[in-house]
Amino acid sequence: MILVTGGAGFIGANFVLDWLTQSDESVINLDKLTYAGNLQNLASLEGDSRHIFVHGDINDQQKIATLLREYQPRAIIHLAAESHVDRSIHGPEEFIQTNIVGTFRLLDTVYRYWKEQEGKTQQAFRFLHVSTDEVYGSLSKDAPAFTEVHRYQPNSPYSASKASSDQLVRAYHHTYGLPTLITNCSNNYGAFQFPEKLIPLMIVNALAGKSLPIYGDGQQIRDWLYVKDHCSAIRRVLEAGTPGETYNIGGWNEKPNIEIVHTICNLLNELRSADYHKLIKYVADRPGHDRRYAIDARKIERDLGWRPVETFETGIRKTVKWYLDHQDWVASVQSGEYRKWIETHYQEHVG
Ligand SMILES: NC(=O)c1ccc[n+]([C@@H]2O[C@H](COP(=O)([O-])OP(=O)(O)OC[C@H]3O[C@@H](n4cnc5c(N)ncnc54)[C@H](O)[C@@H]3O)[C@@H](O)[C@H]2O)c1
């Protein structure tokens, strides 16, 4: 089996659901259920013995050690993190505690477990750390896209904490030989994304007739990847990546934020026959807002044969439709009802 951290979050839930569609290998899902963790995302797995949910913190070394001893996973997919840049600007401490200290504690506990393994089991073990393109900092308009050897220059407390965790993972490979893999991915979008991030926020606000706030001039450029493509890339890196290596993952979809919002409005206009563009409202820019991220994803394509399946046009259409079809999910997130899910639907693991 494999152990996933943060599997009740946006990418984590998509990863667990896709994993169990493709394979019968069980998943232990360790998640603290912060505001961003939502077990309702995994409701379709209720009663499925291949999914073992454990309510816990990656800072809790004793709990992790017990889980490792009990389940003997062959790999760790580390997704748990504080992930929202705006929150990191208003309250960076939680980002340091989870993304840096938590990753260190997880790594160290996993290292001790791995050291006790022998032969092929030890060799085949993997620690896959999921990170972001934001660690590389901001690019000028015409600069080449980030490759895996691009200098780290994180600009927000979020990206600095992720950069720091990447370096710890790298060091555990270099110093102790732990078979690690690092992926640095661009902006994800798709089902189950908490409506504080750009794409779901715009869809949810538009449907509620609220304004669509655009930071600054809206010309900040990001590369966008449909979340299921990210999940397939993680599976591919786990399967065939070389320990100690980093793989950049991207969708070859560089777009300014304002274009993303216009695309969402066009789709909603078409599907809902109303004019959503009039809701767009420019607001003061985020402090220290990076202008451009772009991913050069040629290494993962060349070495591991991975490429995204969705174009931005197909992925964003699926996403907008998902939010239209799952307004009960949105309502439950907005009311806070989703936080009660664990009490009513899951028996907490006492490991
Ligand atoms: N969303 C993106 O566009 C994107 C892009 C590249 C990389 N990433 C990385 O992918 C990972 C997942 O991102 P996401 O968007 O799904 O995030 P998310 O905020 O939706 O989910 C994070 C999950 O981690 C859990 N968590 C937080 N602190 C924890 C702790 N101390 N112990 C255990 N669980 C904890 C939360 O409860 C939540 O379920 C993060 O590491 C993020 O940096 C995200």
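Our structure's up above, just so we're on the same page.
Below is a summary of the structure that appears in this document. Computed from a predicted model, the values in this text were never measured in an experiment.

**Describing the packing of aromatic side chains**
Argument step 1. Overall, the coordinates contain 20 aromatic pairs when judged by the stated rule.
Argument step 2. Relative to Tyr158, the ring of Phe95 has its centre 6.3 Å away and its plane inclined at 80°; by these criteria the two rings are edge-to-face. Residue Phe95 is found in helix 4 (residues 93-116), and its partner Tyr158 is found in helix 6 (residues 157-176); the two are separated by 63 residues along the sequence.

**Digging into the environment of Ile221**
Argument step 1. Inspection of the secondary structure puts Ile221 in strand 9 (residues 221-226).
Argument step 2. A relative accessible area of 16% places Ile221 in the buried class.
Argument step 3. Taking C-alpha positions, Ile221 is 6.3 Å from Asn257, a pair spaced 36 residues apart along the chain.
Argument step 4. Residues contacting Ile221, with those up to four places away along its chain left out, are Glu254, Lys255, Pro256, Arg291, Arg292 and Tyr293.

**Considering helix 12 (residues 327-335)**
Argument step 1. When we look at burial in helix 12, the residues that qualify are Trp329, Val330, Ser332 and Val333. What you see down the axis of helix 12 is that its buried residues fit within an arc of 165°, all on one side. In helix 12, the exposed positions angled more than 90 degrees off the buried face are occupied by Asp328 and Ser335.
Argument step 2. Residues of helix 12 that are buried sit in contact with helix 7 (198-207) and helix 11 (312-325).
Argument step 3. Directly after helix 12, the chain includes Gly336, whose backbone phi takes a positive value near 90°.

**Observations concerning the site of the ligand**
Argument step 1. Close to the ligand lie 28 residues, the nearest being Ile11, Asp31, Ser83, Tyr158 and Lys162.
Argument step 2. Note that an oxygen atom of the ligand is positioned 3.0 Å from one of the backbone N or O atoms of Leu79.
Argument step 3. One nitrogen or oxygen atom from the side chain of Lys162 is found 2.6 Å from an oxygen atom belonging to the ligand.
Argument step 4. For the ligand, whose free accessible area comes to 830 Å², the fraction covered by protein is 96%.
Argument step 5. Among the elements that take part in the shell around the ligand, strand 5 (residues 126-132) stands out by supplying 3 residues, more than any other.
Argument step 6. Per-class residue counts for the shell around the ligand are 12 nonpolar, 12 polar and 4 charged.

**Some thoughts on the pairing of strand 2 (residues 27-31)**
Argument step 1. A large share of strand 2 lies buried, amounting to 5 of its 5 residues.
Argument step 2. Of the pairings in the sheet, the one linking strand 1 (residues 2-5) to strand 2 comprises 4 bridges and is parallel in character. Within the sheet, the bridge partner assigned to Ile2 lies in strand 2 and is Val27.
Argument step 3. Between strand 1 and its parallel partner strand 2, the chain crosses via helix 1 (residues 10-22), and the hand of that crossover is right-handed.
Argument step 4. Pairing analysis gives 5 bridges linking strand 2 to strand 3 (residues 51-55), with the strands arranged parallel. Paired with Asp31 across the bridge in strand 3 is His55.

**Section: the layout of surface pockets**
To find the voids left in a structure, one rolls a probe of water-molecule size over its atoms.
Argument step 1. Taken as a whole, the second largest pocket encloses approximately 330 Å³ of empty space.
Argument step 2. Elements represented by at least two residues in the lining of the second largest pocket include exactly helix 6 and strand 6 (180-185).
Argument step 3. At 5 residues, the largest contribution of residues to the lining of the second largest pocket is made by helix 6.
Argument step 4. Looking at the lining of the second largest pocket residue by residue, the classes come out as 5 nonpolar, 8 polar and 6 charged.

**Focus on the sheet that holds strand 1**
Argument step 1. Strand order across the open sheet formed by 7 strands is 3-2-1-4-5-6-10, with parallel pairing between neighbours. Each having just a single partner strand, strand 3 and strand 10 (246-249) make up the two edges of the open sheet. For this sheet, the mean angle separating the axes of adjacent strands, direction not counted, is 20°.
Argument step 2. Sheet topology note: the strand 4 (residues 75-78)/strand 5 ladder contains 4 bridges and is parallel. Along strand 5, the bridge assignment pairs Ile76 with Phe127.
Argument step 3. Contacting strand 5 and strand 6, helix 6 crosses the sheet at an angle of about 155° to strand 5.

**A look at the packing of helix 7 against helix 9 (residues 257-272)**
Argument step 1. Here helix 7 crosses helix 9 at 40°, and the two axes come no closer than 10 Å. As far as their axial angle goes, helix 9 and helix 7 are oblique. Between helix 7 and helix 9 lies a crossing of right-handed hand. In this structure, helix 7 contributes Leu198, Ile199, Met202, Ile203, Ala206 and Leu207 to the contact, and helix 9 contributes Asn257, Ile260, Val261, Ile264, Leu268 and Arg272.
Argument step 2. Here the contact of helix 7 with helix 9 is built from residues that sort into 10 nonpolar, 1 polar and 1 charged.

**Let's talk about the pattern of salt bridges**
If charged atoms from side chains of opposite charge come close, those side chains can pair.
Argument step 1. Scanning all chains against the criterion turns up 20 salt bridges.
Argument step 2. Salt-bridge contacts for Lys32 lead to Glu94; the nearest nitrogen and oxygen are separated by 3.6 Å. Of the two residues, Lys32 is situated in the loop between strand 2 and strand 3 and Glu94 in helix 4; the sequence distance between them amounts to 62 residues.
Argument step 3. One salt-bridge network, held together by shared partners, links Asp24, Asp48 and Arg50.

Parameters and conventions
- Residues numbered from 1 in each chain as written.
- Predicted model: local features only at pLDDT ≥ 70, side-chain atom pairs only at ≥ 80, totals over all residues.
- Heavy atoms only, no water.
- Phe/Tyr/Trp six-rings, centres within 6.5 Å; stacked < 30°, edge-to-face > 60°.
- Helix = DSSP H or I, 4+ residues; strand = E, 2+ residues; numbered from the N terminus.
- Buried < 20%, exposed > 50% of the residue type's maximum accessible area, 1.4 Å probe, protein only.
- Contact = heavy atoms within 4.5 Å.
- Arc of directions from axis to C-beta.
- Near = heavy atom within 4 Å.
- Polar contact = N/O pair within 3.5 Å; in protein donor to acceptor, adjacent residues only side chain to side chain.
- Areas by Shrake-Rupley, 256 points an atom, 1.4 Å probe, with all protein chains shown as cover.
- Nonpolar A, V, L, I, M, F, W, Y, C, P; charged D, E, K, R; others polar.
- Pairing = 2+ DSSP bridges.
- Right-handed = clockwise from strand over helix to strand, strands pointing away.
- 1 Å grid on protein atoms, 1.4 Å probe; cavity = no way out; pocket = protein on both sides within 12 Å on 5 of 7 lines; lining within 4 Å.
- Points joined across faces, edges and corners; volume = space filled by probe spheres on them.
- Axes fitted to C-alpha atoms, helices over the stretch in contact; angles between N-to-C directions.
- Parallel < 35°, antiparallel > 145°, perpendicular 65-115°, else oblique.
- Left-handed = near helix turned anticlockwise from the far one by under 90°.
- Salt bridge = Lys/Arg side-chain N within 4 Å of Asp/Glu carboxyl O.

These figures capture arrangement, not role.
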